[in-house]
Amino acid sequence: MESTSKTRRIALVGYHVADASKVEWEERPPAVEGQKPRQAADVTAAAGLRHSRGRVWRYPARTRGRRHADKVQEEVFVVVSGMLTMLLGDPPERVDVGPQSVVAVEPGTPLQVRNETDEELVLYIYGAPPEQEGADFFDDVELPG
C-alpha cells in the first residue's frame, strides 16, 4: 500500500534589522584639530552580528579618520552617499570612490578614510573578525597628487 502523506519541511530563517534611524549615534573626536567631529552608529548588536562588526559613519565635509592598519581584521567600506577618498598602503595610494562602491582592505594594510569634498560622506564599514583592538596607528600624511 502506498502512502499518500507528504512531509513538509519548514526552514527557520534568522535575521535582524538595524535601522540607523533607531540606533544611537555617537560623536567621535576629530582626527585632526580644527575639524568637525564624525558620527558613528554601531549596528553590530542591532544587526545580531556575532562573527563581524559594523558601523554606519557620517563624515562631515573636509574631515578624515586616523591612518591605521588593523592587524587581523579585514575591513569593507561601502559608500552610501558622497565621495570616499582612501589612502591605502605605505607609501599611500589615493583611491576615490563614489556611491554604491565598495573597497575591501586586507589585514595589515595601512588605510585612512577621508572626505575631501564639501558634502557629507556616509559609509557603512564592516569588519571581520570582530576585533576592536589590535591596530597600528600612523602619522597623518599629505594627499598624494
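A quick note: this is a predicted structure, and the numbers were derived from the prediction, not measured.

Student: Explain the sheet that holds strand S11 (residues 121-128) residue by residue, including any values.
Tutor: The strands making up a sheet associate through backbone hydrogen bonding, with each pair oriented either parallel or antiparallel. Read across the sheet, six strands follow the order S1-S2-S3-S11-S6-S9 without closing on themselves; strand pairing throughout is antiparallel. Each end of this open sheet is capped by a strand with a single partner; those strands are strand S1 (25-28) and strand S9 (102-105). Between one strand and the next, the sheet's axes are offset by a mean angle of 25 degrees, whatever the strand orientation. In this structure, strand S6 (residues 74-81) lies alongside S9, joined through four bridges in antiparallel fashion.

Student: I'd love a proper account of the layout of surface pockets, names of residues and values included.
Tutor: As a volume, the largest pocket reaches approximately 630 Å³. Contributing to the lining of the largest pocket are 27 residues, with Arg28, Arg53, Arg55, Trp57 and His68 lying nearest its centre. Only strand S3 (53-59), strand S5 (68-70), S6, strand S10 (111-115), S11 and strand S12 (135-137) provide two or more residues apiece to the lining of the largest pocket. If you tally residues by element for the lining of the largest pocket, the top one is S3, at five residues. Per-class residue counts for the lining of the largest pocket are 12 nonpolar, seven polar and eight charged.

Student: Run through the pairing of strand S2 (residues 38-42), naming residues and quoting values.
Tutor: Bridge count between S1 and S2: four bridges; the pairing is antiparallel. Within the sheet, the bridge partner assigned to Arg28 lies in S2 and is Arg38.

Student: Summarise the nonpolar core; cite the residues concerned and give the values.
Tutor: Counting 16 residues, the largest nonpolar core has Phe77, Leu84, Met86, Val103, Val113 and Leu123 as its most contacted members. Sequence-distant contacts of Phe77, that is, excluding residues within four places in its chain, are made with Leu84, Met86, Ser101, Val102, Val103, Val105, Leu111, Val113, Tyr124 and Ile125. Counting residues in hydrophobic clusters, the runner-up holds five residues, among them Val23, Ala41, Val43 and Val56.

Student: Describe unusual backbone geometry, listing the residues and the values that go with them.
Tutor: Trans is the prevailing form of peptide bonds, just as negative phi is the prevailing case for residues other than glycine. Pro91 follows Asp90 through a cis peptide bond whose omega is 10 degrees. Looking at the secondary structure, you find Pro91 in the loop between strand S7 (84-88) and strand S8 (93-97). For the bond running from Ala128 to Pro129, omega is -5 degrees, close enough to zero to count as cis. Examined against the element boundaries, Pro129 turns out to sit in the loop between S11 and S12. Positive phi is not limited to glycine here, since Arg62 has a value of about 60 degrees. Tracing the sequence through the fold places Arg62 in the loop between S3 and strand S4 (63-64). The residue Gln100 is not glycine, and still its phi comes out positive at about 70 degrees. Relative to the helices and strands, Gln100 is located in the loop between S8 and S9. What makes Gln100 exposed here is its relative accessible area of 75%.

What counts as what
- Residues numbered from 1 in each chain as written.
- Predicted model: local features only at pLDDT ≥ 70, side-chain atom pairs only at ≥ 80, totals over all residues.
- Heavy atoms only, no water.
- Pairing = 2+ DSSP bridges.
- Helix = DSSP H or I, 4+ residues; strand = E, 2+ residues; numbered from the N terminus.
- Axes fitted to C-alpha atoms, helices over the stretch in contact; angles between N-to-C directions.
- 1 Å grid on protein atoms, 1.4 Å probe; cavity = no way out; pocket = protein on both sides within 12 Å on 5 of 7 lines; lining within 4 Å.
- Points joined across faces, edges and corners; volume = space filled by probe spheres on them.
- Nonpolar A, V, L, I, M, F, W, Y, C, P; charged D, E, K, R; others polar.
- Core = buried A, V, L, I, M, F, W, Y, C linked by side-chain atoms within 4.5 Å.
- Buried < 20%, exposed > 50% of the residue type's maximum accessible area, 1.4 Å probe, protein only.
- Contact = heavy atoms within 4.5 Å.

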